[in-house]
Amino acid sequence: MKTILPNSTIGVFGSGQLGRMFAIEARKLGYRVHTFSPDNDTPTGQVSDFEVKADYDDLDAVRAFARSVNVVTFEFENVPSRTVEAAAEFVEVHPRGEILHTTQNRLREKTFLSSKGFPVAPFRHIKLVDDLYRGVSDLGTPSVLKTAGFGYDGKGQQKLTAIGEVETAFEKLNGNEAVLESFVEFEKEVSVVCARGQDGAFAHYGVIENRHRNHILDVSFAPSLVSEAVFKDAVAIAREVAETLGYVGTLCVEFFLTRDGKLLINELAPRPHNSGHLTFDACVTSQFEQQLRAVCGLPLGSTEFYRPAAMANLLGDIWSKGEPNWAAALRSPNIKLHLYGKSEARPGRKMGHLTAMATSLDEAIAMAEDARDALIDLPRS
Ligand code: AMP
């Protein structure tokens, strides 16, 4: 185990809000941060010591970047494998490139999970239109067709409700490989954000509950009101996934909780996750600091929550009528505002979030939603 001490430099592939919050935590602990992505003036770059703008395929730039840092991590999982391999010639990369390779493709991820006995919804590999006909007749409708690569926030997803939709749905794949999975009638969606250190230490934030709107995470809150058995199961599964992968860093395991109390893994995020943003304000150690500690070989911190908390995402839509009313949202002193420094507010784009902390979970959720509504001066019904 190699300990990377404060004042060392952490390299981050990717430059979005996850990297930004990671960099803020890293700088608090006295580390330097260099970020690498195809863009500049990025959410991560704005708070880093150094921002490299280069394509992930520019392996010379990748190698130069790797030589300038003491360890590499990432905040974006769609970094090509060869990029991670080139960096790994010079410096340790956490989590390992192989884990990234598995989790950046739904088919590889689901095949890995089911081969190791983890619970997932029944699925089929779709390459040809005949696979889709067979899949729909095996799994029934409704079912969900997802492209195998580059999918997040419901992108590349289609719900099939009848066998007659097969041809059109297949055409929309544009020749890309896909996964067909059973539609899960879930009671709720939950996640376990956890971290595993280089020494195998494990820490988790319990069960966080997630509500989506248009397939994009809308509100997360913790602790989720689930039975003790579901809590134990969710944490045990997350721990086993992390151990099976030999994971180092912060990991999120997203689950469907079915009406009969069964947990099915929807997907893994090999990095801090949107559902864990509330840990930034509400916990002794945030998911970002945990990632830092893990990749630097330091002991993990306490995951204790100060209070029940809720997080509401702020999408670009909020800007549609002009500058949001920030002061109105901050009227409650227990609201924390995070903005990611993105200059262009496009609909559906994650621009920031609000976290509310209260004495009860219901109060925290209402406070977060009210504060968000206040941004656009909407009285809540
Ligand atoms: P994903 O991009 O796979 O995380 O999907 C985004 C959201 O779509 C999930 O959080 C669910 O709300 C919904 N979804 C995805 N897959 C399924 C499924 N098999 N059954 C029901 N809902 C799903």
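Note that the structure is a prediction, hence the values are computed from the model and not measured. (Residues numbered from 1 in each chain as written. Predicted model: local features only at pLDDT ≥ 70, side-chain atom pairs only at ≥ 80, totals over all residues. Heavy atoms only, no water.)

**Regarding the packing of helix H1 (residues 17–28) against helix H10 (residues 287–295)**
- Orientation of H1 relative to H10, taken along the N-to-C sense of each, is 70°, at an axis distance of 8 Å. In terms of their interaxial angle, H1 and H10 are classed as roughly perpendicular. Every pair of crossing elements has a handedness; the one defined by H1 and H10 is right-handed. Contact with H1, carried on its side by Leu-18, Met-21, Phe-22, Glu-25 and Ala-26, involves Phe-288, Glu-289, Gln-291 and Leu-292 of H10 and no other residues of that element. (Axes fitted to C-alpha atoms, helices over the stretch in contact; angles between N-to-C directions. Helix = DSSP H or I, 4+ residues; strand = E, 2+ residues; numbered from the N terminus. Parallel < 35°, antiparallel > 145°, perpendicular 65-115°, else oblique. Left-handed = near helix turned anticlockwise from the far one by under 90°. Contact = heavy atoms within 4.5 Å.)

**Let's talk about the site of the ligand**
- Taken together, 17 residues lie near the ligand, and Lys-146, Glu-181, Val-184, Glu-189 and Glu-267 sit nearest.
- The fraction of the free accessible surface of the ligand (480 Å²) that becomes covered by protein chains is 95%.
- Elements with a contribution of two residues or more to the shell around the ligand: strand E6 (143–147), strand E8 (178–182), strand E9 (186–196) and strand E14 (263–269).
- Partitioned by chemical class, the residues of the shell around the ligand number five nonpolar, six polar and six charged.
- Per-domain counts for the shell around the ligand show at least three residues from each of domain 2 (122–182) and domain 3 (186–377). (Near = heavy atom within 4 Å. Areas by Shrake-Rupley, 256 points an atom, 1.4 Å probe, with all protein chains shown as cover. Nonpolar A, V, L, I, M, F, W, Y, C, P; charged D, E, K, R; others polar. Domains from an automatic or database assignment.)

**Considering the nonpolar core**
- Residues Leu-113, Val-241, Leu-251, Phe-255, Leu-263, Ile-265 and Leu-268 are the most contacted members of the largest nonpolar core, which totals 30 residues.
- Among the secondary structure elements, those contributing two or more residues to this core are helix H5 (106–115), E9, helix H8 (228–245), strand E13 (249–258) and E14.
- The dominant element in this core, judged by the number of residues it contributes, is H8, at eight residues.
- Counting contributing residues per domain, this core is built from domain 2 (122–182) and domain 3 (186–377), each supplying no fewer than three.
- If near-sequence neighbours (up to four positions away) are discounted, Leu-113 is found in contact with Phe-118, Val-120, Val-241, Ile-265 and Leu-268.
- Within the second largest apolar cluster, 21 residues are counted, among which are Leu-314, Trp-319, Ala-358 and Ala-371. (Core = buried A, V, L, I, M, F, W, Y, C linked by side-chain atoms within 4.5 Å. Buried < 20%, exposed > 50% of the residue type's maximum accessible area, 1.4 Å probe, protein only.)

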